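Architecture at a glance
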Amino acid sequence: MAAEAKITMLGLSGAGKTCYMLGLYATMQLGLQGFTLATTDMDEDLRLTSLWEKMVDEEGEDRWPPPTGSEPYQYEFDFSYGMRPLISFDWLDYRGGAMQSTSTQEDYKILLNRLRESSCVFLCVSGEYLREEISSDTQLGLIKRKAGISRMNIFLTDLTKNLKDSQRPFPIVIVITKYDQCAERAQDKISREKLFDDIKKMFNTLFTPSKDWLVMLCPVSLGKELGKDSLTGKIDPKNLHLPLVFALYAKLREYAMTEQEKVNEAKIRLDTLRNGNWFQRLFTGDDQRAAESSLGNYQNQLQEIQQRMALLAQELTNAQIFLGGKEQQVDV
Ligand SMILES: Nc1nc2c(ncn2[C@@H]2O[C@H](COP(=O)(O)OP(=O)(O)OP(=O)(O)O)[C@@H](O)[C@H]2O)c(=O)[nH]1
Ligand SMILES: [Mg+2]
């Protein structure tokens, strides 16, 4: 069966995409608050696990995975709660350089096509660009270029052209990878807000009043100690699961909206059948029973989806989520 959700991470080479995915898989495979992740292919599991173990066990430059080559890897995962599968998704790990290829190059085309099919996009910005407060437009422009943000905006503009109504607002996570690199500047609440303000400046189009984007801001790190020394620091991942939980929550929300529409339509149909006079009802008894049964089915489906959403929403109560620049609480 094809995966239900598709997640694509945008970020230049070295942004931390591969490390993020390895860490996400390793932590969630063991289970986190009852949620677990499994690859559908055992060979992939071996590959991911051995790269992760190298990172944890070794010291020096070799602990890190090599930059991803021109051949992208596609992974498929099942996301479950306890033993119960909630939703499946797939993930593409590609070389960040593809983002900067010219539009005729093959890997650029693969990325663009995949983006158009994605149910959530992660924008990956490394904490190394956020060490200092942004103080001028020139500095802002420089960071936007270095972190590939101007390029990301081009991809997002293309994406928004092809969205269906049920996909609006489209879910985006701004993942601040290597947060350990800038954590020092964000020790208290006020300085943390300042850091988040800098991010909002970098991605200003995602925070303007509109119903196009549902944006989550999420700092992640593979370990606090890596900020000082990435060659020997202990691997101790933080927050890696949150972007994923948000992406899957958003996909379920899309399902719930579609299912709600079916419930509404079935209700209208049933009302029409019930409101006929006795003579008409004589001939529509079977239709009415069929309509009642499909309404029941749709309602059960909707309830099932809402239960899954509620499980995920528990994890998102402290998350920073914005719609049209305004902070939101997740609801079910
Ligand atoms: N301090 C710190 N460094 C990290 C962290 N995650 C990754 N790195 C460093 O960032 C480097 C690049 O990470 P990758 O995951 O390979 O980057 P990528 O985005 O996959 O790059 P490409 O495959 O070339 O597109 C790693 O080799 C590490 O040195 C982190 O959480 N903290
Ligand atoms: Mg990579």
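Residues numbered from 1 in each chain as written. Chains lettered and ligands numbered in written order. Predicted model: local features only at pLDDT ≥ 70, side-chain atom pairs only at ≥ 80, totals over all residues. Heavy atoms only, no water.

What to know about the packing of aromatic side chains
- This structure, assessed with the given rule, holds 12 aromatic pairs.
- With a centroid separation of 5.4 Å and an interplanar angle of 20°, the aromatic rings of Phe35 and Phe79 are classed as stacked. Taken as a pair, Phe35 in strand 2 (residues 35–39) and Phe79 in strand 3 (residues 73–81) lie far apart in primary sequence, 44 residues in all.
- In this structure Phe35 comes out as buried when scored by relative accessible area, which is 1%.
- Three or more aromatic residues joined by ring pairs form one cluster here, namely Tyr25, Tyr73, Tyr75, Phe77 and Phe89.
- The ring of Tyr73 has Arg47 sitting right over it, with the charged end atom 3.8 Å from the ring centre.
- The positively charged end of Arg63 is found above the aromatic ring belonging to Trp64, 5.5 Å away from the centroid. (Phe/Tyr/Trp six-rings, centres within 6.5 Å; stacked < 30°, edge-to-face > 60°. Helix = DSSP H or I, 4+ residues; strand = E, 2+ residues; numbered from the N terminus. Buried < 20%, exposed > 50% of the residue type's maximum accessible area, 1.4 Å probe, protein only. Lys NZ or Arg CZ within 6 Å of the ring centre and 35° of its normal.)

Comments concerning the domain arrangement of the chain
- When cut into domains, the chain gives domain 1 (5–241) and domain 2 (253–318).
- Centre-to-centre, using C-alpha coordinates, domain 1 lies 37 Å away from domain 2.
- Residue-level contacts link 13 residues of domain 1 with 11 residues of domain 2.
- Carbon and sulfur atoms supply 58% of the area that domain 1 and domain 2 bury against each other, a total of about 1,100 Å² over both sides.
- Three residues, Arg84, Leu86 and Ser166, lead the burial of domain 1 against domain 2; their summed loss comes to 39% of the area buried on that side.
- Counting across the domain 1 and domain 2 interface gives 1 salt bridge.
- The closest approach of N and O atoms between Glu304 and Arg84, which form a salt bridge, is 3.3 Å.
- For the interface between domain 1 and domain 2, the tally reads 3 residue pairs in polar contact (both at pLDDT 80 or more).
- No other element matches the 4 residues that strand 4 (residues 84–93) contributes to the side of domain 1 that touches domain 2. (Domains from an automatic or database assignment. Contact = heavy atoms within 4.5 Å. Buried area = accessible area lost by both parts, 1.4 Å probe. Salt bridge = Lys/Arg side-chain N within 4 Å of Asp/Glu carboxyl O. Polar contact = N/O pair within 3.5 Å; in protein donor to acceptor, adjacent residues only side chain to side chain.)

A few points about the state of the cysteines
- Evaluation of the coordinates by the stated rule reveals 0 disulfides.
- Left unpaired, Cys19 is separated from the closest cysteine sulfur, that of Cys124, by 10.0 Å.
- Among the residues examined, Cys19 registers a relative accessible area of 16% and is labelled buried.
- The closest cysteine sulfur to the non-disulfide-bonded Cys182 is located on Cys218, 12 Å from its own sulfur. (Disulfide = S-S within 2.5 Å.)

What to know about the site of ligand 1
- Taken together, the neighbourhood of ligand 1 is formed by 20 residues, with Ser13, Lys17, Cys19, Gly96 and Asp180 sitting nearest.
- One of the side-chain nitrogen or oxygen atoms of Thr68 is found 2.8 Å away from an oxygen atom of ligand 1.
- Taking Lys178, its side chain carries an N or O atom lying 2.9 Å from an oxygen atom of ligand 1.
- Expressed as a share of its isolated accessible area of 660 Å², the protein-covered part of ligand 1 is 90%.
- Grouping the constituent residues of the shell around ligand 1 by class yields 8 nonpolar, 8 polar and 4 charged. (Near = heavy atom within 4 Å. Areas by Shrake-Rupley, 256 points an atom, 1.4 Å probe, with all protein chains shown as cover. Nonpolar A, V, L, I, M, F, W, Y, C, P; charged D, E, K, R; others polar.)

Examining the coordination of the magnesium ion (ligand 2)
- Distances from the magnesium ion (ligand 2) to its protein donors, Thr18 (OG1) and Thr68 (OG1), fall at 2.0 to 2.1 Å. Residue Thr18 is located in helix 1 (residues 17–30), and its partner Thr68 is located in the loop between helix 2 (42–57) and strand 3; the two are separated by 50 residues in the primary sequence.
- A relative accessible area of 17% places Thr68 in the buried class. (Donors = N, O, S within 2.8 Å, 3.2 Å for Na, K, Ca; no water.)

Focus: a negative patch on the surface
- Taken together, the side chains of Glu53, Asp57, Glu58, Glu61 and Asp62 present a region of like negative charge at the surface.
- You can see Asp57 is positioned in helix 2. (Patch = residues over 30% accessible without salt bridge, like charges linked within 9 Å, V, L, I, M, F, W, Y side chains within 5 Å. Lys, Arg positive; Asp, Glu negative; His and termini not counted. Charge placed at Lys NZ, Arg CZ, Asp CG, Glu CD.)

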